[in-house]
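Next come the chains, spelled out residue by residue.
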Amino acid sequence: MRIAHTHARVDVPATSANLGPGFDALGMALGLRDSVEIEAVAGRTEVEVTGEGAADVPRGEDHLVVRALRHGLDHVGAPQSGIRMRCRNEIPHGRGLGSSAAATVAGLLLARGLLADPDALDDRAVLDLATEMEGHPDNAAPALLGGATISWTDEASAHAVVLDIPATSSVDPVVLLPAAVLSTRTARTLLPASVPHADAAFEAGRAALLVHALTRDPSVLMAATEDRLHQEYRAPAMPESLELVRVLRQEGFPATISGAGPSVLVLTGADDRLVPLVRQVVARPEDWRAARVGLDRLGARLW
Ligand code: HSE
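Right, let's walk through the structure included here. (Residues numbered from 1 in each chain as written. Predicted model: local features only at pLDDT ≥ 70, side-chain atom pairs only at ≥ 80, totals over all residues. Heavy atoms only, no water.)

1. Considerations on unusual backbone geometry
Across the chain, the bulk of peptide bonds are trans and the bulk of non-glycine residues have phi less than zero.
(1) Moving on: For the bond from G261 to P262, the omega torsion is 5°, close enough to zero to count as cis.
(2) Moving on: Within the fold, P262 resides in the loop between β8 (255-257) and β9 (264-266).
(3) Moving on: Its identity is not glycine, yet D24 carries a phi of approximately 65°, on the positive side. (Helix = DSSP H or I, 4+ residues; strand = E, 2+ residues; numbered from the N terminus.)

Below is the structure:
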């Protein structure tokens, strides 16, 4: 495969996975974006980062966007070169808002942007490669496609469909972000190898109901966001987030842990009662931030 362009630019939204009962399957794109510009150069790879994660991320070949870009180029047999890259990040790292999926999707789309035949890395290939790198498709799918998605994998590949959420929907996501971080890897070690049959049955029913709630009838969102598969098991790693979810739900807010946490997602959070409630529950309100991020319907954009 031939490289036809030296420059590419992409922006990719944050995502919230699981949405309660949709563990590793449901996800939603949110109105926070990372933007990345690259130039293919003859010299060595150089990375400049501003915004979220700027103090922590590697500045060379180890940067996740660069690794994903190289993975994409290798996949289609395109030649590699040095990369000069500029990242402007809005997505907080280690908070359950899909920053690694956004970086992975960004790198793969940037690879597409350099190719003579962009169709060689179509959305299907990007979702497959991103899922391979992430281990699950529930952040990569909404990051790529926008909106709320159901994603799944079979022996051959990853798949996703976008739910039809009406423009008039009352779904208006707010995220509550703590200063604390939690890695997905750590959060996954807290999950049991098996769960009671009754909990699996409960979860399947709630996940199905959530699709109805999001697409047709948000009045059932409270029941539709109940979970028995992951949130409580992860409580030891984020007790304050779980307490916040519990209190907000008691007060009628459809709150869940966002992805692997520790952020909290409130699906209909545009309500004056929300922030005062958060202040009452958490020990150090100055460590928490509320952001009315909204639903992102566009998904990733390659310019
Ligand atoms: N479904 C994944 C998990 C999402 O909860 O571990 C991680 O962002």
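2. Some points on the pairing of strand β2 (residues 22-41)
(1) Moving on: The sheet contact formed by strand β1 (residues 7-18) and β2 spans twelve bridges and is antiparallel. Among the inter-strand pairings, A17 is bridged to a residue of β2, identified as G27.
(2) Moving on: Two successive antiparallel strands, β1 and β2, enclose a turn made up of three residues, where L19 displays a positive phi of approximately 55°.
(3) Moving on: In the sheet, β2 pairs with strand β5 (residues 148-153) via three bridges, with the strands oriented antiparallel. For M28, the partnering residue across the bridge sits in β5 and is A148.
(4) Moving on: One ladder, built from seven bridges, connects β2 with strand β4 (residues 82-89); its direction is antiparallel. Its bridge partner being in β4, I38 is matched across the sheet by M85. (Pairing = 2+ DSSP bridges.)

3. Digging into the layout of surface pockets
(1) Moving on: Quantified by volume, the largest pocket comes out at close to 1000 Å³.
(2) Moving on: L64, S99, S100, A101 and E134 are the residues nearest the centre of the largest pocket, which is lined by 44 residues in total.
(3) Moving on: Secondary structure elements with two or more residues in the lining of the largest pocket: β1, β2, α1 (64-75), β4, α2 (99-114), α3 (123-134) and α5 (184-189).
(4) Moving on: No other element matches α2, which puts seven residues into the lining of the largest pocket. (1 Å grid on protein atoms, 1.4 Å probe; cavity = no way out; pocket = protein on both sides within 12 Å on 5 of 7 lines; lining within 4 Å. Points joined across faces, edges and corners; volume = space filled by probe spheres on them.)

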